[in-house]
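Below are the chains, spelled out letter by letter.
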Amino acid sequence: MLGATVQLLDHLLDRLRDPDVLAGDVTTVFTNQRLFNESFRDFYAYLNAGAVPT
């Protein structure tokens, strides 16, 4: 997911001529960031709950 986000960010300037494509790319970047943050938060909640065997 992060690799795809980096690629989208890399191509954003190339897409300034087509606002619809640009809007779709920007939406995808923000959606990916939100999903990454949620999964990261869930992962740390899982670790803090003591669910990891020692």
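Quick summary incoming for the structure in this document. (Residues numbered from 1 in each chain as written. Predicted model: local features only at pLDDT ≥ 70, side-chain atom pairs only at ≥ 80, totals over all residues. Heavy atoms only, no water.)

Opposite charge on two side chains permits them to pair, given that their charged atoms come into close proximity. A complete count under the given rule lists 2 salt bridges for this structure. A salt bridge links R15 to D25; its shortest N-O distance comes to 2.6 Å. Highlighted residues: R15 in the loop between α1 (2-11) and α2 (19-48) and D25 in helix α2, separated in sequence by 10 residues. Given a relative accessible area of 32%, R15 falls into the partly exposed group. Overall, D25 belongs to the buried group, its relative accessible area being 10%. A salt bridge links E38 to R34; the nearest nitrogen and oxygen atoms lie 3.3 Å apart. Remark: R34 and E38 occur in helix α2; sequence separation between them is 4 residues, near one turn of the helix. (Salt bridge = Lys/Arg side-chain N within 4 Å of Asp/Glu carboxyl O. Helix = DSSP H or I, 4+ residues; strand = E, 2+ residues; numbered from the N terminus. Buried < 20%, exposed > 50% of the residue type's maximum accessible area, 1.4 Å probe, protein only.)

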